[in-house]
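Chains, contacts and geometry: an overview
In case you want the letters, here they are:
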Amino acid sequence: MKNHIPNIITCCNLICGCIATYFAFYHGYQDAFFFILLGALFDFFDGKAARALGVSGKLGVELDSLADCVTFGVAPSAMIFTLFNHVAYPSFMGTDFFFRVMPFTAFLLAAFSALRLAKFNIDERQHTEFIGMPTPANAIFWGALISSCEGWLTSPRFNALFLFLFMMLFCWLLVCEVPMFAFKGRLSWPKDKMKIIFLVLCFLMLSLERFIFGDIPTWMGLFRALAVCMGLYVILSMVASFLPKDED
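What counts, and where the lines are drawn
Residues numbered from 1 in each chain as written. Predicted model: local features only at pLDDT ≥ 70, side-chain atom pairs only at ≥ 80, totals over all residues. Heavy atoms only, no water. Helix = DSSP H or I, 4+ residues; strand = E, 2+ residues; numbered from the N terminus. Rg over C-alpha atoms; globule rule 2.2 N^0.38 Å. Buried < 20%, exposed > 50% of the residue type's maximum accessible area, 1.4 Å probe, protein only. Contact = heavy atoms within 4.5 Å. Areas by Shrake-Rupley, 256 points an atom, 1.4 Å probe, with all protein chains shown as cover. Lys, Arg positive; Asp, Glu negative; His and termini not counted. Charge placed at Lys NZ, Arg CZ, Asp CG, Glu CD. Core = buried A, V, L, I, M, F, W, Y, C linked by side-chain atoms within 4.5 Å. Expected span 1.5 Å × (residues − 1). Arc of directions from axis to C-beta.

A few words on the overall build of the protein. In terms of helices and strands, the protein carries 11 helices and two strands. Along the protein, helices (α) and strands (β) appear in the sequence α-α-α-α-α-β-α-α-α-β-α-α-α when read from the amino end. Whereas a compact globule of 248 residues would reach a radius of gyration of roughly 18 Å, the protein reaches 19 Å, a difference of no more than 12%. For the protein, the spread of C-alpha atoms along the three principal axes comes to 55 × 40 × 35 Å. Counting over 248 residues, the protein shows a buried share of 46%. A separation of at least 24 residues holds for 76% of the contacts in the protein among residues at least 6 apart in sequence. About 12900 Å² of surface is accessible on the protein, with carbon and sulfur atoms providing 71% of the total. Side-chain charges in the protein split into 17 positive and 18 negative, and the spacing between the mean points of these groups amounts to 3 Å.

Residues Ile80, Phe84, Trp142 and Met180 are the most contacted members of the largest nonpolar core, which totals 62 residues. Breaking this core down by element, the ones donating at least two residues are helix H1 (5-25), helix H2 (29-53), helix H3 (58-84), helix H6 (135-148), helix H8 (160-175), helix H9 (193-207) and helix H11 (218-242). Broken down by element, the residue count for this core peaks at nine residues, all from H11. With sequence-adjacent residues up to four places away left out, Phe84 is seen in contact with Tyr89, Met102, Pro103, Thr105, Ala106, Ala160, Leu163 and Phe164.

A word on H9. Given 3.6 residues per helical turn, the α-helix brings residues three or four places apart onto the same face. Taking 1.5 Å per residue, 15 residues should reach 21 Å; H9 reaches 21 Å between its end C-alpha atoms and fits that length. Among the residues of H9, Met194, Lys195, Phe198, Cys202 and Met205 are the ones counted as buried. Buried residues of H9 fall within an arc of 100° about the axis and therefore sit on the same side. On the buried face of H9, the contacting elements are helix H10 (209-213) and H11.

Below you can see the structure in the form of C-alpha cells.
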C-alpha cells in the first residue's frame, strides 16, 4: 500500500488542477487560485512522501509531470483565456477576428509549461537549481495576479496586446536557459545570500501587505504580495546568475 501513497498525493494535485480549470472558465478566479495553491501543496508533499517511504519509480515521475501540466499549465492558461474575454482591446484589435482568436493564445502558456516539464525530466543539470522558471512559480504568479488585480487588468490602462506580450514573456521564462533558485538542502551565507535575501523580502512583503497595498481585503493583499514575490524570484534569480559564485 505504501508504494501507492505518493501517487495518490500526486493524483490529488491533478484533481486540484482540474477543479481550478473549471473555476477559471467560469470566472471564479479566487477559487481557481485556491486550488492551484492546494495543488502546489500536494506537489510539494508527494516527493517528500516518496523519499520518506523509500519508494520511487518512473511511474511516479511521469504522473507528477502530467499532474503539474494540468495544475500549473492548463489551469493558469484557463484563467488567462477568461481574462482575454474581459480585457480591453486597443482600437487596431477591435475586430471580431481578434475577439475570437486572442483568448485561445492563452493556451500557449500550457504548451510551454508542458515543454518545460519535459525538459526538466531529461535535464541532468537541474538537481541543484532550476533552468528556467518552474511551473508552480509561474502558475502562482498568474493565479495571484489575476485573482487580485482583475480590476486593473480589465481597465483601459491595460489591454489585450499587453496581456499577450506579458504572457509570451513568461512562456520564454519557462524554457529559457537562465538558472533559477531551487531550495534544496540547507542555506548558508554567503553561498546562498541571494536566496536568503529573496526569502527575507518575501517575508516582509507578506507581513506588511496592508501597509504596502493600502486598505484592501487581506486576501487580496496577500495574493498581490505573492505575485510580487514570484516576480522577485525571477529577478533575483537572474541577478544571481550573473554574480560570481561563492564557494563554501
